[in-house]
Amino acid sequence: MRRRYHFGDGPTDSVRGVRLTLVRDGLIVESLGYSKTTGDAPPAKTGIHGKQGKS
């Protein structure tokens, strides 16, 4: 799945990424992600389990 995260209104205020998800018997067994950033993107506010994201 391709995605784009917008954190502002400008044309450079976004980052692109891709997520590969392996599903087996209807359950997610592995998920890998990659984001192409310039280093200027703000860190995620919360992760999948409500934990603080890494910067």
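The paragraphs below set out a description of the structure included in this document. The residue count restarts for each chain, going from 1 along the sequence in the order it is written. Reporting in this predicted model follows two pLDDT cut-offs: at least 70 for local features of residues, and 80 or more for side-chain atom pairs to be given and counted; totals over whole chains, interfaces and linings ignore these cut-offs and use all residues. Neither water nor hydrogens contribute to the side-chain values; these are computed over all heavy atoms in the structure.

Taken together, the side chains of V18, L20, L32 and Y34 present a nonpolar region at the surface, about 400 Å² in accessible area. Here a helix means four or more residues in a row that DSSP labels H or I, a strand means two or more in a row labelled E, and each is numbered from the N terminus. Listing elements by their share of the nonpolar patch, those giving two or more residues are β2 (14-24) and β3 (27-36). Inspection of the secondary structure assignment puts L20 in strand β2. Residues form patches when they are more than 30% accessible in relative terms and have no salt bridge. Like charges link within 9 Å. Nonpolar side chains (Val, Leu, Ile, Met, Phe, Trp, Tyr) link within 5 Å. The method behind every accessible area is Shrake-Rupley, applied with a 1.4 Å probe, and residues are considered shielded solely by the protein chains displayed. Put simply, a salt bridge is a Lys or Arg side-chain nitrogen that is within 4 Å of an Asp or Glu carboxyl oxygen.

Okay, the sheet that holds β3 next. By definition, two strands form a pair when at least two bridges between them are found by DSSP. Across the sheet, three strands lie side by side as β1-β2-β3; this open sheet has antiparallel pairing. Among the strands making up the open sheet, the edge pair consists of β1 (2-6) and β3. Going across the sheet, the axis of each strand differs from the next one's by a mean of 30 degrees, ignoring polarity. The sheet contact formed by β1 and β2 spans five bridges and is antiparallel. Paired with Y5 across the strands is V15, a residue of β2. In this description, a line fitted to the C-alpha atoms serves as the axis of each element, helices being fitted only across the stretch in contact, and the angle between N-to-C directions of two axes falls anywhere from 0 to 180 degrees.

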